[in-house]
Every structure is written in C-alpha cells, then in structure tokens.
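Single-letter residue listing:
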Amino acid sequence: MRLDFDKAMELYNTRDMNHLSKLATNVREEINGKTVWYNKNFHLEPSNVCIHKCKFCSYRRGNDFEPGAWTMDMQQIEGYCLEKYSDDTTEVHVVGSVHPSKDIDYYYNVIETIRRVLPPHVTIKAYSAVEVDDMSKNSGLPAKEVLMQLKKRGVSALPGGGAEIFDPGIRAKICPDKADAHRWLEIHKTAHELGMRTNATMLFGHLEQREHRVKHLLMLRDLQDQTGGFDAFIPLLFKTANNPMSYLQEADTTEVLRTFAISRLVLDNIPHIKSYWPMLGKELCQLTLLYGADDIDGTINNSTKIYSMAGSQEQNPTMSAADLEKIARECGYVAMERDSFYNQVAKK
Ligand code: V47
C-alpha cells in the first residue's frame, strides 16, 4: 500500500532500524532483484564560477579571479574529455554552474564539443534544471526550446541536481536566488515530455527536518505518476566543510540510512535509488545497499570536485569495476554494469 505523509513520518520516526531495512529491502528486491547497478562514467565540471550563492556550496566562486576558480574553454574541454574517456566509458555527466558572463552559446558549445570528440554511444547527461532555467532567462527562450536545443546537440538525460529541498521556507534560507520547486518540477516535466530521462535529488542534513524531506519525496512521486520520466532518485547528504553552513554537524549514519529507506518506500514509482559514493564514502555507500539503494553510480575516474571540496573522505574519487563489484558482492548482491538508461552492458 502507498505510504501517505503520516505513515511515512511514523516509519521515519521508528527506532527499529532492522524493520526499516527489511521493508526497504523488500521493495528494492521486488523492483531490482539482487542487482546493484553501476556504470562507467566520468564527470565534467566546466566551471565553478556561479552567480548563485547557495549556502551549502563549497565549490562556487563568484568570479574567475577568485582563488580556486576555473572556467574551461573549448580546447580544455576537448583535452579533458579525451583524458578521462576510455573505450568502455558509457556516460559523461556535466555539472555546470551559472557563470555571470557566459551566454547560452557557451553551454551549447560545451555539448557540441563533447559530442564531437567522444563516440556516439557515450550518453551526455547534462545540466540541472537550475542551469536550464538560467539559460532560459538569460536567452529569453522558453525552457522547452532550451531543452530541445540541448537535445538536438546531443543531451539525452538530465542529472537530478538543483532540487535541494522543495520547502519554500528552507529553500529561501539555503538557496534563495535560484529556480524554486515549481520551476524545477516544471523543467523536469517538460524534459520528460520531450522524451528525455531525468534524475531527481534531495539535499538533506542541513536546516530541514524529516517532514520537509517527506513532502519533497511526495512532490516527486506526484510528478512521476504523471510522466514516468524519472529513472533514479539520489539522496545527497550535506557535507559541511568549506561552506557558509559549516557550523552545522553532519547527519548521523542512522539518519542517512533512514533517509534512504524512507526514500525507497515513498518513491514506489521511481525504479532506482542511487547511492552516490563520492559524497557518502565507500563504507556508507555500501551500508545504504541494505536500506533500499540499488545503484552505486560509477567509476568516476577522479573527475569531480564538488564533494572533495565539501570535505568528503573521497579526495580523488575513482573506483574500478572490480571495486564496485566487490561492494555489491559483500552485501549479498550482484553488480551489473548498466548504460545511462539501465540497460545491461554485456561483459567483454
Ligand atoms: O544540487 C552541493 C549538491 C548537487 C553540496 O543525477 C552538495 O546522477 C552535499 O545533482 N554537500 C549537484 N551536496 C550534484 C548532483 C548529482 C550528483 C550525483 C549524481 C547525480 C545524478 C546528480 O550537489 C547540488 C547540491 O544538491 N551539493 N554542495 C554539499 N556541500
């Protein structure tokens, strides 16, 4: 039976972690059997210069002259893609920023450059709904047109970033100046209508309470009922180093595990719950497999800085397929390589 708000809160508040683990595992095994999915991917972070001043972000710089700022030109993007790509890579995940002086052509050029240098079987998963919203505002084009242009240039999936927490009161405190919940959901809905698959995230462990998280999950579940376009949900644990909310303590391990279990149980219509190890660390990532997670993302190839800059223990995130397979095996599961759309990739 579907969990409503009250039932979800009751389960969230239980002290019986074993019960939560069993319930979430039942659902996860009904949907995904004993499979733990992973992919061979790398991230591209073209710039960390951003107009938004999200309080949780350790990565942003306000302009290109601040220490630690970077903005790649097309030659650097080409070189970077060729350096990180290997024959078995199936996905490049682009994490943008909203640069104060780059117009929409820069974002288009990034995609065109990737498409030109990497083979066509590599999926480009690019730009969060927040970046799409800013491209739309800055260019005067409707978001639908921006998405169509990105799709035409080779984007076939959107990452789940920028969702943070939908509650307007908390959102006003942690990221007041970017797309709100309504706009984030609207852009994903439009992407789904255009045939693009997308992910969804939730940033937790900062100012929000459990009730805000459950409401966030229910809003995602409602949209998924309408479109069916979300492939995966990723609970993102707030990492506290080097950002304006560093005064907060990181959420406990049990709180992380509870949140994974409740996500699995509430989101009965989203097939995959992803545990993103560059943020959680390998050990905690492995534990989440016992609380509903069925996807451990990818090999990464030391290509993302967001979480290392925010204090993650994974300072140079890289895992081989064998490392990822071991994580699953030790939990009694079987790792399976996937492409970006959860099709099994045959072993070579
Ligand atoms: O929206 C930023 C989060 C997100 C911090 O779709 C932080 O497969 C924790 O969306 N502590 C961007 N989180 C990354 C993202 C993502 C990651 C992995 C997989 C996928 C996917 C998408 O990172 C932001 C924000 O919620 N974030 N700073 C921090 N200090």
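What you are looking at is a predicted structure, and each value in this text was computed from that prediction instead of being measured. (Residues numbered from 1 in each chain as written. Predicted model: local features only at pLDDT ≥ 70, side-chain atom pairs only at ≥ 80, totals over all residues. Heavy atoms only, no water.)

A. Looking closely at the overall build of the protein. Scanning the protein from terminus to terminus reveals 14 helices and ten strands. Overall, the protein is about 55 × 50 × 40 Å in size when its C-alpha atoms are taken along their principal axes. Counting only residues that meet the buried cut, the protein has 61% of its 348 residues in that class. Taking all contacts inside the protein whose residues are at least 6 apart in sequence as the whole, residues at least 24 apart take part in 76%. For the protein, the accessible surface area stands at approximately 14,200 Å², while carbon and sulfur atoms represent 50% of it. Put simply, the protein has 42 plus and 47 minus side-chain charges, and the middle of one group is 1 Å from the middle of the other. (Helix = DSSP H or I, 4+ residues; strand = E, 2+ residues; numbered from the N terminus. Buried < 20%, exposed > 50% of the residue type's maximum accessible area, 1.4 Å probe, protein only. Contact = heavy atoms within 4.5 Å. Areas by Shrake-Rupley, 256 points an atom, 1.4 Å probe, with all protein chains shown as cover. Lys, Arg positive; Asp, Glu negative; His and termini not counted. Charge placed at Lys NZ, Arg CZ, Asp CG, Glu CD.)

B. Inspection of the pattern of salt bridges at higher detail. Within this structure, the stated rule accounts for 25 salt bridges. We note a salt bridge from Lys40 to Asp88, for which the minimum N-O separation is 3.5 Å. In this pair, Lys40 sits in the loop between β1 (35–39) and β2 (41–44) while Asp88 sits in the loop between α3 (74–84) and β3 (91–94), placing the two residues 48 residues apart along the sequence. Using a relative accessible area of 30% as the deciding quantity, one classes Asp88 as partly exposed. Of the charged contacts in the structure, one is a salt bridge between Asp133 and Arg183, with a shortest N-O distance of 2.6 Å. Taken as a pair, Asp133 in helix α5 (residues 129–139) and Arg183 in helix α8 (residues 181–193) lie far apart in primary sequence, 50 residues in all. For Asp133, a relative accessible area of 2% translates into the label buried. A single salt-bridge network, built from bridges that share partners, covers Glu208, Arg210, Arg213, Glu255 and Arg258. (Salt bridge = Lys/Arg side-chain N within 4 Å of Asp/Glu carboxyl O.)

C. Just α8, in detail. Taking 1.5 Å per residue as the helical rise, α8 with its 13 residues ought to reach 18 Å, and the 18 Å between its terminal C-alpha atoms agrees with that figure. When α8 is considered as a whole, its buried residues turn out to be Ala181, Arg183, Trp184, Leu185, Ile187, His188, Thr190, Ala191 and His192. Two residues or fewer after α8 comes Gly195, characterised by a positive phi angle close to 85 degrees. (Expected span 1.5 Å × (residues − 1).)

D. How the structure looks around the site of the ligand. What surrounds the ligand is a group of 22 residues, the closest being Lys125, Gly161, Gly162, Glu164 and Lys274. One of the backbone N or O atoms of Lys239 is found 2.8 Å from a nitrogen atom in the ligand. Within the complex, 95% of the 620 Å² of free accessible area of the ligand lies under protein. Elements that contribute at least two residues to the shell around the ligand include exactly β6 (197–204), β7 (230–237) and α13 (306–309). Of the residues belonging to the shell around the ligand, the class tally is eleven nonpolar, seven polar and four charged. (Near = heavy atom within 4 Å. Polar contact = N/O pair within 3.5 Å; in protein donor to acceptor, adjacent residues only side chain to side chain. Nonpolar A, V, L, I, M, F, W, Y, C, P; charged D, E, K, R; others polar.)

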